[in-house]
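Each chain, letter by letter, is given below.
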Amino acid sequence: MKRIHLFEFEDFAWFPEWLRRCMTRLILVMHKLLRTNDKLADLLAQILSTSNSSTILDLCSGSGGPMPEVLQILRDKHGFENLELILTDLYPDSKTAEIFNSQENNHIHYLTSPVNATSLDQQKSGLRTMVGSFHHMKPDQAKSILRSVQESGDPICIFELSDNSAPLLLSWIAFPINFIMTLFITPMVRPMSWQQLLFTYVFPIIPICFAWDGAVSNVRTYTLHDLDELLAEIKSEKYSWETGKIEGKTKQIYVLGRPVG
């Protein structure tokens, strides 16, 4: 495999929740700039049109990511009016959970207890989504997730913001680029907090962590070849897999899995 499994700050349990929240809100800004919402909605509509799923179970949700807006697009533009969204994370964002769970009739619920994407219980079913998070999994964990959905018969959509196609040396140029970019996109963060401003422009802890995690995310991302290698070991006639690439401001990759028939 081409990917290299280095650490990201967000992976560590000791990483402060407020700092993790500041970083995941920056990731949400990136999704908006790259118009991830419409792309994800189109992919999910393909699965939902041939599925009985009325619930989307989003894994590794962070501060919500693009999925709340994707849900609205699926309900309003694609006709899936009864669709519900459940947000989960190994390190739940308590403030984001409070916001979503306090809103009535938003069809979104954020679970406040930790949910490990690699060991879901059988009660958590539905269309599973992993947006910008599959690269956090080591190969054995990634394969376990793929095998789990195949055995349960649940559909899944995996989406990554990059395709790890750049040479390794060029990938590290992303660190200074990401640092500078953080200074420009921070004003777009909503809701804004004093920590987001103070630790970006006075004490640049957030830009450093965000720049590192962004650069590492790219080299950790499974290429299409890597994904084919993982899927080759678990394929079944009862479940179909599709991998592909979406061209745009960045080359994004996806995996769609669904039961046959």
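About the cut-offs
- Residues numbered from 1 in each chain as written.
- Predicted model: local features only at pLDDT ≥ 70, side-chain atom pairs only at ≥ 80, totals over all residues.
- Heavy atoms only, no water.
- Patch = residues over 30% accessible without salt bridge, like charges linked within 9 Å, V, L, I, M, F, W, Y side chains within 5 Å.
- Areas by Shrake-Rupley, 256 points an atom, 1.4 Å probe, with all protein chains shown as cover.
- Salt bridge = Lys/Arg side-chain N within 4 Å of Asp/Glu carboxyl O.
- Helix = DSSP H or I, 4+ residues; strand = E, 2+ residues; numbered from the N terminus.
- Buried < 20%, exposed > 50% of the residue type's maximum accessible area, 1.4 Å probe, protein only.
- Expected span 1.5 Å × (residues − 1).
- Contact = heavy atoms within 4.5 Å.
- Pairing = 2+ DSSP bridges.
- Axes fitted to C-alpha atoms, helices over the stretch in contact; angles between N-to-C directions.

Draft legend 1. Highlighting a nonpolar patch on the surface. Taken together, the side chains of M192, L197, Y201, V202, F203 and I205 present a nonpolar region at the surface, about 520 Å² in accessible area. Broken down by element, the residue count for the nonpolar patch peaks at 3 residues, all from helix 8 (residues 194–202). Structurally, M192 can be placed in the loop between helix 7 (174–185) and helix 8. Classification of M192 as partly exposed rests on a relative accessible area of 32%.

Draft legend 2. Summary view of helix 1 (residues 17–33). Helix length check: helix 1 (17 residues) gives 24 Å between terminal C-alpha atoms against 24 Å at 1.5 Å per residue, within 8%. Of all the 17 residues making up helix 1, 12 are buried; the element is thus mostly covered by neighbouring parts of the structure. Buried residues of helix 1: L19, R20, R21, C22, M23, T24, R25, L26, L28, V29, M30 and H31, and no others. Of the surrounding secondary structure, the elements contacted by the buried residues of helix 1 are helix 2 (36–48), helix 4 (94–101), strand 4 (127–131), helix 7, helix 8 and helix 9 (205–220). Following helix 1 by one or two positions, R35 has its phi on the positive side, about 55 degrees.

Draft legend 3. How the structure looks around the sheet that holds strand 4. The strand order across the open sheet built from 7 strands is 3-2-1-4-5-7-6, with neighbouring strands paired in mixed fashion. Edge strands, defined here as strands with exactly one partner in the open sheet, are strand 3 (108–110) and strand 6 (239–246). With strand direction ignored, the average angle separating the axes of adjacent strands in the sheet is 15 degrees. Pairing of strand 1 (residues 55–59) with strand 2 (residues 84–87), which is carried by 4 bridges, proceeds in the parallel orientation. By the bridge assignment for strand 2, I56 is matched with L85. Sitting on the sheet, helix 3 (residues 67–76) is in contact with strand 1, strand 2, strand 3 and strand 4, with an inclination near 170 degrees to strand 2.

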